[in-house]
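The lines below spell out each chain.
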Amino acid sequence: KCPYGWQEGILSSNSQGFRSDEIDPTKKAIIVIGDSVAFGAGVNDEHTFSYLLNRMVFDKGYQVSNLAVSGYNLEQYYLFLNRHINKFKNIKHIVLVICTCNDLSGIGSNVLYGKRKPYFRIENNQLILKGNSIQRYCLRNILSRSLFLSKYEPYQGYIGTFLSKIAGDTAVAINFS
């Protein structure tokens with residue numbers, strides 16, 4: 001049985017990690033970005049917004065690609081899209097799906113739910129990336145992803161902040177040899 005009342009079914013991704021078919025360079029691209037709502041958390045592939053949109057436009061020469069990531073907010077959408085946009089040669093539309101207020105939380109801060117994240121500021125009418133030097137193995141982020149915190153989401157911010165006071169934003173040295 002699936003947690004949180006989610007239905008059992010298919011959750012798949014392409015070779016790029018996007019929740020959609022492989023990119024077809026002959027099709028006009030429509031890109032969907034967002035968080036868990038746009039990703040389709042808890043539903044079969046056939047019940048996601050991107051899948052349904054793709055069915056509507058596929059015969060017209062379009063392909064919809066779902067680049068949504070659960071838990072991301074506006075700033076992270078931008079960075080993720082910026083990192084992957086060059087994979088699409090024929091972009092016609094980008095659809096931003098925002099359905100919940102948590103997409104707007106944490107904007108202008110480098111911490112959300114006790115975890116480090118990139119953030120932006122508007123300076124002289126330009127979007128400027130701030131605080132972008134987050135280490136891959138940031139101890140605050142590793143500790144904040146604990147099983148305990150995932151079960152008690154309202155406490156993530158408090159516990160993550162407490163852990164960051166102990167661990168700071170130090171990176172863990174990992175040796176794979």
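(A) Spotlight on the confidence of the model for the chain. Summing up the model confidence of the chain, the mean pLDDT is 74 and the portion of residues at 70 or higher is 56%. Per-residue pLDDT, averaged within each element of the chain, yields its smallest value for helix α5 (residues 147–151) (56) and its largest for strand β2 (residues 62–66) (94). This stretch, residues 1–6, has a pLDDT under 50; its non-local contacts, to residues over four places away or in other chains, come to 6 contacts.

(B) Highlighting the environment of Asp 45. With respect to the helices and strands, the residue Asp 45 is situated in the loop between α1 (36–39) and α2 (49–57). Separated by 34 residues in sequence, Asp 45 and Leu 11 place their C-alpha atoms 5.6 Å apart. Once residues within four sequence positions are removed from consideration, Asp 45 is found in contact with Ile 10, Leu 11, Ser 12, Arg 19 and Tyr 51. Looking at Asp 45, its side chain comes within polar contact range of the side chain of Arg 19, at 2.8 Å.

(C) Spatial organisation of a nonpolar patch on the surface. Among the surface-exposed residues, Tyr 78, Ile 122 and Leu 127 lie close enough to one another that they form a single nonpolar patch of about 340 Å² accessible area. Considering the arrangement of structural elements, one finds Leu 127 in strand β7 (residues 126–130).

(D) The side chain of Asn 14, seen in detail. With respect to the helices, strands and loops of the structure, Asn 14 is situated in the segment before β1 (28–34). A distance of 2.8 Å separates the side chain of Asn 14 from the backbone nitrogen of Gln 16, its partner in a polar contact. With residues up to four places along the chain from it excluded, the contact list for Asn 14 reads Ser 20, Asp 21, Glu 22 and Ile 23.

(E) Summary view of the nonpolar core. Ranked by size, the top nonpolar core spans 10 residues in total: Ile 30, Val 32, Ala 38, Phe 39, Leu 53, Val 57, Tyr 62, Val 64, Ala 68 and Val 97. Contributing elements (two or more residues each) for this core: β1, α1, α2 and β2. Not counting chain neighbours up to four residues away, the residues in contact with Leu 53 comprise Ile 30 and Val 64. Membership of the second largest hydrophobic core comes to 9 residues, among which are Phe 18, Ala 29, Ile 31 and Ile 33.

(F) Highlighting the sheet that holds β1. Spatial strand order, β2-β1-β3: 3 strands in an open sheet with parallel pairing. Every interior strand has two partners, whereas the edge strands, β2 and β3 (91–97), have only one. Averaged over all neighbouring strand pairs, the angle between strand axes comes to 20°, with direction disregarded. In terms of strand pairing, β1 meets β3 through 6 bridges, oriented parallel. Among the inter-strand pairings, Ile 31 is bridged to a residue of β3, identified as Ile 94.

(G) Inspection of the pairing of β7 at higher detail. Here strand β6 (residues 119–123) runs beside β7; their pairing, made up of 5 bridges, is antiparallel. When the bridges of β7 are listed, Tyr 119 appears paired with Lys 130. Hairpin connection, β6 to β7: the antiparallel pair is bridged by 2 residues, and Asn 124 has positive phi, about 55°.

Each value, and the rule that gives it
- Residues numbered from 1 in each chain as written.
- Predicted model: local features only at pLDDT ≥ 70, side-chain atom pairs only at ≥ 80, totals over all residues.
- Heavy atoms only, no water.
- pLDDT = per-residue confidence, 0-100.
- Helix = DSSP H or I, 4+ residues; strand = E, 2+ residues; numbered from the N terminus.
- Contact = heavy atoms within 4.5 Å.
- Polar contact = N/O pair within 3.5 Å; in protein donor to acceptor, adjacent residues only side chain to side chain.
- Patch = residues over 30% accessible without salt bridge, like charges linked within 9 Å, V, L, I, M, F, W, Y side chains within 5 Å.
- Areas by Shrake-Rupley, 256 points an atom, 1.4 Å probe, with all protein chains shown as cover.
- Salt bridge = Lys/Arg side-chain N within 4 Å of Asp/Glu carboxyl O.
- Core = buried A, V, L, I, M, F, W, Y, C linked by side-chain atoms within 4.5 Å.
- Buried < 20%, exposed > 50% of the residue type's maximum accessible area, 1.4 Å probe, protein only.
- Pairing = 2+ DSSP bridges.
- Axes fitted to C-alpha atoms, helices over the stretch in contact; angles between N-to-C directions.

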